[in-house]
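Reading the structure
Below are the chains, spelled out letter by letter.
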Amino acid sequence: MRQSKMIRTALGLLFLALDSGCYRQTYRNSELVPQSQPALERTHHRALFGLVDFTGELATQEVCRERQVAEIRNEQSEKDIFLQLATMGLYSPTSESVVCATSESRPDENVFYRTP
């Protein structure tokens, strides 16, 4: 009886650790129409629970060149969480992507609102 309770508790804790939740942050320019596919997808390599950065900054203007950046996404997928748990936080990857604007997009500097 006691052993089955310990097994259930251990399985419950394992489930909570594995189902700790993926997160996704999306930074979007609402004035621009995003393309259907990201122009860049990469893994951002970090260590010590994200405190040490190995990848460096994301140069978004170099990715989109003539077009503007419509979206920047940063997420931690199931694979990323598994790697972080397996290394006990020594390696903490996240996935990043950049979506450029389409040619139909309106630049936000042409939108003005003035009250009389």
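In what follows, the accompanying structure is described.

The rules behind each value
Residues numbered from 1 in each chain as written. Predicted model: local features only at pLDDT ≥ 70, side-chain atom pairs only at ≥ 80, totals over all residues. Heavy atoms only, no water. Pairing = 2+ DSSP bridges. Helix = DSSP H or I, 4+ residues; strand = E, 2+ residues; numbered from the N terminus. Salt bridge = Lys/Arg side-chain N within 4 Å of Asp/Glu carboxyl O. Buried < 20%, exposed > 50% of the residue type's maximum accessible area, 1.4 Å probe, protein only. Lys, Arg positive; Asp, Glu negative; His and termini not counted. Polar contact = N/O pair within 3.5 Å; in protein donor to acceptor, adjacent residues only side chain to side chain. Disulfide = S-S within 2.5 Å.

This part is about the pairing of strand 5 (residues 69-76). With 6 bridges joining them, strand 1 (residues 23-28) and strand 5 adopt antiparallel strand pairing. Counterpart to Gln25 in the pairing with strand 5 is Asn74. In terms of strand pairing, strand 5 meets strand 6 (residues 94-100) through 6 bridges, oriented antiparallel. Bridging from a neighbouring strand, Glu75 pairs with Ser95 of strand 6.

The next point concerns the pattern of salt bridges. By the definition in use, this model includes 4 salt bridges. For Glu96, the salt bridge identified is with Arg42, shortest N-O distance 2.8 Å. With Glu96 in strand 6 and Arg42 in strand 2 (residues 40-44), this pair connects stretches of sequence that are 54 residues apart.

Mapped onto the fold, Arg46 is located in strand 3 (residues 46-47). The charged side chain of Arg46 is buried without a salt bridge, its nearest counter-charge being Glu96 at 4.4 Å. Side chain to side chain, Arg46 and Thr94 meet in a polar contact 2.9 Å long.

Time to look at the state of the cysteines. Applying the stated rule across the entire model yields 1 disulfide. Each disulfide pairs two cysteine sulfurs, and for Cys64 the partner residue is Cys100, the sulfurs being separated by 2.0 Å. Here the disulfide of Cys64 and Cys100 is left-handed, its torsion about the S-S bond being about -95°. Of this pair, Cys64 sits in helix 2 (residues 60-64) while Cys100 sits in strand 6, and the two are 36 residues apart along the sequence. Across this residue pair, the class does not change: Cys64 and Cys100 are buried.

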